[in-house]
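# Summary of structural features
Chain by chain, the residues run as shown.
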Amino acid sequence: MKLMPTNHAASGIFFILAGVLAMSINDLLIKSLSGGYPLHQIVFIRSAIGIGFSLLLVQLEGGWSILKPKAPWLQLCRALLVVVSNMAYFVAIAALPLANATALFFVAPLFITVLSIPLLGEKVGPLRMGAVLVGFIGVVIMQRPWASAGSLEVSRIILLLPVFAALTYALMQLLTRRLGATSKASALSVYIQGTFMIVSIGFYLVAGDGHFVEGVDNPSLLFLLRAWVWPQDGDWGPLIGLGLNSAIIGYCVSQAYRMTDAATLAPFEYAGLPLAVLWGWLFWSDLPDLTIWIGMALIIGSGLFVFLREKQKSRAIARSVRIRTRA
C-alpha cells in the first residue's frame with residue numbers, strides 16, 4: 001500500500017512540514033512537562049506510545065519483514081545519534097526560551113555542509129563556506145561571550161547544548177540518505193523509538209530514584225535526573241500526544257529525506273522558528289531581545305543561502321548530464 005503521491009518533491013515538502021509542526025508541538029509539550037517529570041520518563045512514555053503507531057505504519061508499508069535491519073551497525077549509530085541529539089536539546093529547552101534553543105539548533109545545516117567535506121568528499125565553494133562562517137558568527141553572538149557568567153540567565157554549557165544537538169543531528173542526516181534508499185521510513189522510526197526506550201530504561205536504572213538531584217537547583221539537571229513519578233491525571237493527554245507526535249516526527253522526517261534532496265527541504269524546516277517564537281510568547285511570555293534576533297537572522301540567513309547554493313549546484317549538474325546524454 002502506498003502512503004504518498006508520485007510527485008516526490010511535493011511529497012517530501014508535505015512530510016517535512018508535517019514533521020516540523022509535530023516537532024514544534026513536541027518541544028512545547030516537553031518544556032511544559034519539564035518542571036514535574038524527569039526527561040527519561042517522558043521519553044520512555046513518549047517512545048512506548050510512539051512505537052505502537054510506528055508498528056501500525058510498518059504493516060501499511062510492507063509488514064514485519066521490513067523491520068529486518070539493513071546495515072545494522074549504521075542503523076544503530078543513526079538511532080544513537082538521534083537519541084543524543086534529542087536529549088541534549090530537550091535538556092536545554094528546560095532552561096532556555098524555545099525560540100533561542102530552536103535558532104541555535106538551526107546551525108545543523110551548516111554542520112552538514114562542513115562535515116560533508118571529510119565524510120562525503122564533497123567540494124564546498126568559497127561562497128558557501130563564507131555563509132557557514134556568518135552562521136557560526138550568529139551562534140557566537142547568541143552565546144554572548146562578552147557577558148560575564150553571572151549576568152547570563154543560564155550557564156554557558158546550557159547555551160551550547162542546542163549546538164551540540166545540531167552537530168549530532170547533522171551526523172545523523174548524513175547517514176539517513178544512505179540508509180533511506182533501502183529502509184522504509186516506518187522501520188527507521190521503529191529503530192529510533194526502540195533505542196529511545198532502551199536508553200530511558202538505562203537512565204531509570206541509574207538515576208530513576210532521584211538520588212542524583214539532592215541539593216541541585218539547576219532546571220536542566222533536575223529535568224535530566226529527577227525521580228520517576230506517576231503522572232497526574234491532567235498530564236496523560238500531553239504524554240499521549242507526545243507519543244503520537246514522536247511517531248509522526250520519526251516517520252515524516254525519514255520519509256521526507258528518503259524522497260527529496262536536502263536542499264529542497266531545508267527552507268521548509270525553518271518554519272519551526274516562527275512556531276517556537278509563537279509558543280514562547282503565548283505560553284511563557286518569552287520574546288527574543290535584539291541580540292538574539294541578530295544571531296537568529298545570521299544563522300537562518302546563512303543556512304538558507306547554503307542550501308539555495310547547493311540546489312543551484314544540483315540543478316547545474318543535472319543540466320550538464322542531460323546535455324551530455326543528448327550529445
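Please refer to the structure higher up on the page.
None of these values were measured; they are calculated from a predicted model. (Residues numbered from 1 in each chain as written. Predicted model: local features only at pLDDT ≥ 70, side-chain atom pairs only at ≥ 80, totals over all residues. Heavy atoms only, no water.)

## Quick word on the overall build of the protein
A count of helices and strands for the protein gives 13 helices and zero strands. Along the protein, helices and strands appear, N-terminal first, in the series α-α-α-α-α-α-α-α-α-α-α-α-α. For a compact globule of 327 residues, the expected C-alpha radius of gyration is about 20 Å, and the protein comes in at 20 Å, within 12% of that figure. Dimensions along the principal axes, computed over C-alpha positions, put the protein at roughly 75 × 55 × 35 Å. Residue burial in the protein is summarised as follows: out of 327 residues, 50% are buried. (Helix = DSSP H or I, 4+ residues; strand = E, 2+ residues; numbered from the N terminus. Rg over C-alpha atoms; globule rule 2.2 N^0.38 Å. Buried < 20%, exposed > 50% of the residue type's maximum accessible area, 1.4 Å probe, protein only.)

## A closer look at the environment of isoleucine 201
Of note, isoleucine 201 is situated in helix H8 (residues 185-207). According to the relative accessible area criterion, isoleucine 201 is partly exposed, its value standing at 39%. For the pair isoleucine 201 and leucine 152, spaced 49 residues apart in sequence, the C-alpha to C-alpha distance is 34 Å.

## Some points on the packing of aromatic side chains
Here the structure, examined in full by the defined rule, presents twelve aromatic pairs. Consider the rings of phenylalanine 111 and phenylalanine 136, whose centres lie 5.3 Å apart with planes at 65°: the pair is edge-to-face. Here phenylalanine 111, found in helix H5 (residues 108-120), pairs with phenylalanine 136, found in helix H6 (residues 126-143); they are 25 residues apart in sequence, far enough to count as distant. Note on phenylalanine 136: relative accessible area 25%, which makes it partly exposed. Following the ring pairs from residue to residue traces out a cluster consisting of Tyr89, Phe90, Phe105 and Tyr169. Over the aromatic face of tryptophan 284 sits the side chain of lysine 31, whose NZ or CZ is 5.4 Å from the ring centroid. Directly above the aromatic system of phenylalanine 196 lies the positively charged group of arginine 46, at a separation of 5.4 Å from the ring centroid. (Phe/Tyr/Trp six-rings, centres within 6.5 Å; stacked < 30°, edge-to-face > 60°. Lys NZ or Arg CZ within 6 Å of the ring centre and 35° of its normal.)

## Remarks on unusual backbone geometry
Look at arginine 144: it is not a glycine, yet its phi comes out positive at around 50°. Note on placement: arginine 144 falls in the loop between H6 and helix H7 (156-180).

## So, the packing of helix H2 (residues 39-61) against helix H10 (residues 236-259)
Between H2 and H10, the shortest axis-to-axis distance is 7 Å and the interhelical angle comes to 50°. Judged on the interaxial angle alone, H10 and H2 are oblique. Like other packed secondary-structure pairs, H2 and H10 cross with a definite hand, here right-handed. Touching Ile42, Ile45, Arg46, Ile49, Gly50, Phe53, Ser54, Leu57 and Glu61 of H2 are Leu239, Ile240, Leu242, Gly243, Leu244, Ser246, Ala247, Ile249, Tyr251 and Gln255, all from H10. When its residues are assigned to classes, the contact of H2 with H10 shows twelve nonpolar, five polar and two charged. (Axes fitted to C-alpha atoms, helices over the stretch in contact; angles between N-to-C directions. Parallel < 35°, antiparallel > 145°, perpendicular 65-115°, else oblique. Left-handed = near helix turned anticlockwise from the far one by under 90°. Contact = heavy atoms within 4.5 Å. Nonpolar A, V, L, I, M, F, W, Y, C, P; charged D, E, K, R; others polar.)

## A look at the side chain of arginine 226
With respect to the element layout, arginine 226 can be found in the loop between helix H9 (219-225) and H10. For the buried arginine 226, which has no salt bridge, the nearest side chain bearing the opposite charge is aspartate 235, at an N-O separation of 11 Å. Within the structure, the side chain of arginine 226 is placed 2.8 Å from the backbone oxygen of tyrosine 37, a separation counted as a polar contact. Once residues within four sequence positions are removed from consideration, arginine 226 is found in contact with Ser34, Gly35, Gly36, Tyr37, Pro38, His40, Ala207, Gly210, Val213 and Leu221. (Lys, Arg positive; Asp, Glu negative; His and termini not counted. Salt bridge = Lys/Arg side-chain N within 4 Å of Asp/Glu carboxyl O. Polar contact = N/O pair within 3.5 Å; in protein donor to acceptor, adjacent residues only side chain to side chain.)

## Quick look at a nonpolar patch on the surface
Nonpolar side chains collect at one region of the surface, where Ile201, Tyr204, Leu205, Val206 and Phe212 lie side by side and expose about 510 Å² of accessible area between them. Phenylalanine 212 sits in the partly exposed class, given a relative accessible area of 42%. (Patch = residues over 30% accessible without salt bridge, like charges linked within 9 Å, V, L, I, M, F, W, Y side chains within 5 Å. Areas by Shrake-Rupley, 256 points an atom, 1.4 Å probe, with all protein chains shown as cover.)

## Quick look at the environment of isoleucine 249
With respect to the helices and strands, isoleucine 249 occurs in helix H10. Its relative accessible area of 13% is what places isoleucine 249 among the buried residues. Counting along the chain gives 234 residues from isoleucine 249 to phenylalanine 15, while the straight-line C-alpha distance between them is 9.1 Å.

## Description of the packing of helix H4 (residues 98-105) against H6
Helix-helix packing is described using two parameters, namely the angle between the two axes and the distance between the axes. Where H4 meets H6, the closest approach of the two axes is 10 Å, and the angle between their N-to-C directions is 150°. With respect to H6, the axis of H4 lies roughly antiparallel. Classified by chirality, the crossing of H6 by H4 is left-handed. Of the residues in H6, those touching H4 at Asn100, Ala103 and Leu104 are Val139, Met142 and Gln143. For the contact of H4 with H6, a count of residues per class yields four nonpolar, two polar and no charged.

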